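# Notes for the structure review
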Amino acid sequence: MLSFDFKNKVVAITGASYGIGQATAWAFVRSGAQVALLDLEENQGFLEELKQQNASFIFTKGDIRDVQVQQGFFDSIQARFGRLDVSFLNAGIEGVPGPFLESTRKDWTRTLDINLEALREGVRLSLEAMLPQKQGALVLNASIAGLRGFAYSSAYVASKHAVVGLTKCLAMEFAAQGIQINAVCPGLIQTPMIDRFSGGDMEALAPMIARKAIGRIGQAEEVAHLVQYLSCPESAFIVGQAIAIDGGYTLG
Ligand SMILES: NC(=O)c1ccc[n+]([C@@H]2O[C@H](COP(=O)([O-])OP(=O)(O)OC[C@H]3O[C@@H](n4cnc5c(N)ncnc54)[C@H](O)[C@@H]3O)[C@@H](O)[C@H]2O)c1
């Protein structure tokens, strides 16, 4: 297992209760970080386990679309830890897959609100905390859907392309001020989102998995390690990149 040292570092993670967010929280906790977690859902089992492991953490329950929730989350980080070193803006939804002409404005708005607008607010509040420190790392969770088109996923793909574009602009604006900003672009990763997407039928994903050079689905812990690498000083020369972690899906 990869070993990083994040002792005395403070890490914020949105969408932390399940999936990639939860795996990343564990990875940072194991590396000695203090973590601040935000999620719509309170995963009691996860929070209990964090306590049992003596993790240093705070949890905020709420919807990232609510600006008061996000403000409260970042305020609580300052109140408890007094600084912010890493922000992993991960919370996102898959939207409602289907033909473009059947997609409703409500579904589009919800996907864009969560995947882009609420993420923008998370970026703003992270920068507010990091700029006075002249140091910090932001990792945005995009997707291979930010690098490629996928039929019947127009709102999701549009939102994730926007996240990749935003990453590049932010990196150009803030790199010289000591803030490292990159995006991760996972391919199919085994999480509750994928369980919903496949309707619990992994066979339905077989054609997509077959397109991965590596021939298997990815694990959330694999993404977590990439997020950690992009958050440590050794990766400082990686600026504004949208890095695919997809078993080779985007090679062809
Ligand atoms: N799993 C994959 O294959 C995959 C691939 C590419 C990108 N991603 C991206 O990774 C991120 C995490 O995905 P995942 O697969 O872990 O999903 P998941 O659904 O398993 O977990 C997402 C977490 O975010 C939380 N969340 C959702 N909406 C929220 C909101 N409005 N406010 C606060 N919390 C909210 C959920 O409660 C959940 O804990 C997403 O941005 C997703 O687009 C996932």
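A short tour of the structure in this document, coming up.

Okay, the site of the ligand next. Of all residues adjacent to the ligand, which total 29 residues, the nearest are D39, N90, Y156, I189 and T191. Taking I189, its main chain carries an N or O atom lying 2.8 Å from an oxygen atom of the ligand. At 2.9 Å from an oxygen atom of the ligand is found a side-chain nitrogen or oxygen belonging to R196. Relative to its free-state accessible area of 830 Å², the ligand is covered by the protein chains to the extent of 96%. The pocket occupied by the ligand, as judged from atoms lying within 2 Å of grid points, is the largest pocket. Mapped by element, the contributors of at least two residues to the shell around the ligand are α1 (19-30), α5 (154-174) and α6 (192-198). Per element, the largest residue contribution to the shell around the ligand is four residues, and it comes from α6. Its residues placed into classes, the shell around the ligand shows 15 nonpolar, ten polar and four charged.

With that settled, consider the packing of aromatic side chains. Tallying each qualifying case throughout the model produces six aromatic pairs. Between F6 and F28, the ring centres sit 4.8 Å apart and the planes meet at 75°, which makes this aromatic pair edge-to-face. Taken together, the positions of F6 in the segment before β1 (10-14) and F28 in helix α1 put the pair 22 residues apart, joining distant regions of the chain. Each member of the pair, F6 together with F28, is buried. Considering the side-chain rings of F100 and W108, the 6.3 Å spacing of their centres and the 85° angle between planes classify their relative orientation as edge-to-face. We classify W108 as partly exposed; its relative accessible area is 26%. Within the aromatic cluster, the residues linked to one another by ring pairs are F4, F6 and F28. Taking the ring centre of Y249 as reference, the NZ or CZ of R211 above it sits at 4.3 Å.

Let us look at the pattern of salt bridges. One pass over the structure, following the stated rule, counts ten salt bridges. Among the ionic pairs, D63 bridges to R65, the shortest N-O distance being 2.8 Å. Under the relative-accessibility criterion, R65 is labelled partly exposed at 38%. The residue D85 makes a salt bridge to R83 at a minimum N-O spacing of 2.6 Å. On the basis of relative accessible area, D85 is assigned to the buried category, the value being 1%. In this structure R83 comes out as partly exposed when scored by relative accessible area, which is 29%. Three or more residues are tied together by salt bridges with common partners; here these are E117, R120, E121, R124 and E128.

Conventions adopted
Residues numbered from 1 in each chain as written. Predicted model: local features only at pLDDT ≥ 70, side-chain atom pairs only at ≥ 80, totals over all residues. Heavy atoms only, no water. Near = heavy atom within 4 Å. Polar contact = N/O pair within 3.5 Å; in protein donor to acceptor, adjacent residues only side chain to side chain. Areas by Shrake-Rupley, 256 points an atom, 1.4 Å probe, with all protein chains shown as cover. 1 Å grid on protein atoms, 1.4 Å probe; cavity = no way out; pocket = protein on both sides within 12 Å on 5 of 7 lines; lining within 4 Å. Sits in = over half its atoms within 2 Å of the grid points. Helix = DSSP H or I, 4+ residues; strand = E, 2+ residues; numbered from the N terminus. Nonpolar A, V, L, I, M, F, W, Y, C, P; charged D, E, K, R; others polar. Phe/Tyr/Trp six-rings, centres within 6.5 Å; stacked < 30°, edge-to-face > 60°. Buried < 20%, exposed > 50% of the residue type's maximum accessible area, 1.4 Å probe, protein only. Lys NZ or Arg CZ within 6 Å of the ring centre and 35° of its normal. Salt bridge = Lys/Arg side-chain N within 4 Å of Asp/Glu carboxyl O.

In short, the description is geometric, and any link to function would need to be established separately.
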